Amino acid sequence: MDILKTIRFIALGAIVGLGAAWGYHFWQGANMPDPASLAGDAIGGPYELIDQNGTTRRDTDFRGKFVMIYFGFTFCPDACPTALLGMAQALDDIGPSADRVQPIFVSIDPDRDTVAQMKSYVEAVDPRLIGLTGSAAQVASAAKAYRVFYRKVTPPGMSDYLMDHTSLIYLMGPDGKYLDHFSHETPPDKIAEKLRRHVR
Ligand code: NI
């Protein structure tokens, strides 16, 4: 992790610091889909969401580019920042071909992840990242297309909720079709290695 990444990580840590202190690890629960079942055109599909600048974005806007897409929430204590910073590091690792890959973060917590909240969050994580949110129905529809599961959970003694959610990074091809997936636990150099295989 270079110094800029370290600074970003610390800045992000300040945003999610309270959450990190909770030390909860919900995302590895039974809601994780079996990776063996993640194949072909079963993953992905049409969505319509709002980006961090308030612009409506659809899956078709990204045709012609590879897409790394991850669903999570900005108050996530650790899985989401780890996944997103891992995506950014992997893009740094592959050099100029990173220009052909669009990283996208979709909120599954639209109640708290307003457009403004998404904007400050994605700017803190990586300037290349597009942050998408929307109405509860828009988010539910997008998550369903990517077979992402999520639910609100309130840790004992806490007044605020967290989101239990699938933590997979999907790599989609320029045609919008599923190519590969990683998790927040996949080391960035492994993600980069797989990206190099597809992005050429
Ligand atoms: Ni998360």
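Right above here is the structure, for reference.
Residues numbered from 1 in each chain as written. Predicted model: local features only at pLDDT ≥ 70, side-chain atom pairs only at ≥ 80, totals over all residues. Heavy atoms only, no water.

## Quick look at the pairing of strand S7 (residues 162–165)
Here is the key point about a regular strand: its side chains alternate between the two faces of the sheet. Side-chain alternation along S7 places Leu162 and Asp164 on one buried face and Met163 and His165 on a second face that is also buried. Relative to S7, strand S6 (residues 150–153) runs antiparallel, the two sharing 4 bridges. Across the sheet, residue Lys152 finds its bridge partner in S7, namely Met163. (Buried < 20%, exposed > 50% of the residue type's maximum accessible area, 1.4 Å probe, protein only. Helix = DSSP H or I, 4+ residues; strand = E, 2+ residues; numbered from the N terminus. Pairing = 2+ DSSP bridges.)

## Some words on the nonpolar core
As a rule of thumb, soluble globular proteins bury nonpolar side chains together. Ranked by internal contacts, the top residues of the largest apolar core, which has 55 residues, are Met68, Ile69 and Tyr146. In terms of residues, this core owes the most to one element, helix H2 (residues 79–93), which gives 8 residues. Once residues within four sequence positions are removed from consideration, Ile69 is found in contact with Tyr47, Ile104, Val106, Tyr146, Leu168, Ile169, Tyr170 and Met172. (Core = buried A, V, L, I, M, F, W, Y, C linked by side-chain atoms within 4.5 Å. Contact = heavy atoms within 4.5 Å.)

## A short note on the packing of H2 against helix H5 (residues 188–198)
At a closest axis distance of 8 Å, the pairing of H2 and H5 adopts a crossing angle of 55°. The pairing of H2 with H5 is recorded here as oblique in orientation. Crossing handedness for the pair H2 and H5: right-handed. Listed contacts from H5 to Gly86, Gln89, Ala90, Leu91 and Asp93 of H2 are Pro188, Asp189, Ile191, Ala192, Leu195 and Arg196. Looking at the contact of H2 with H5 residue by residue, the class counts come to 6 nonpolar, 2 polar and 3 charged. (Axes fitted to C-alpha atoms, helices over the stretch in contact; angles between N-to-C directions. Parallel < 35°, antiparallel > 145°, perpendicular 65-115°, else oblique. Left-handed = near helix turned anticlockwise from the far one by under 90°. Nonpolar A, V, L, I, M, F, W, Y, C, P; charged D, E, K, R; others polar.)

## Concerning the coordination of the nickel ion
Taken together, Cys76 (SG), Cys80 (SG) and His165 (NE2) make up the protein donors of the nickel ion, found 2.1 to 2.2 Å from the metal. All donor residues of the nickel ion come from one chain, and their arrangement in sequence is C-x3-C-x84-H. You can see Cys76 sitting in the loop between strand S3 (66–72) and H2 and its partner His165 sitting in strand S7, a full 89 residues away along the chain. Across the pair, exposure class does not vary: Cys76 and His165 are buried alike. (Donors = N, O, S within 2.8 Å, 3.2 Å for Na, K, Ca; no water.)

## Regarding the environment of Val125
Residue placement: Val125 occurs in helix H3 (residues 115–125). The buried category is assigned to Val125, whose relative accessible area is 1%. Taking C-alpha positions, Val125 is 8.2 Å from Ala88, a pair spaced 37 residues apart along the chain.

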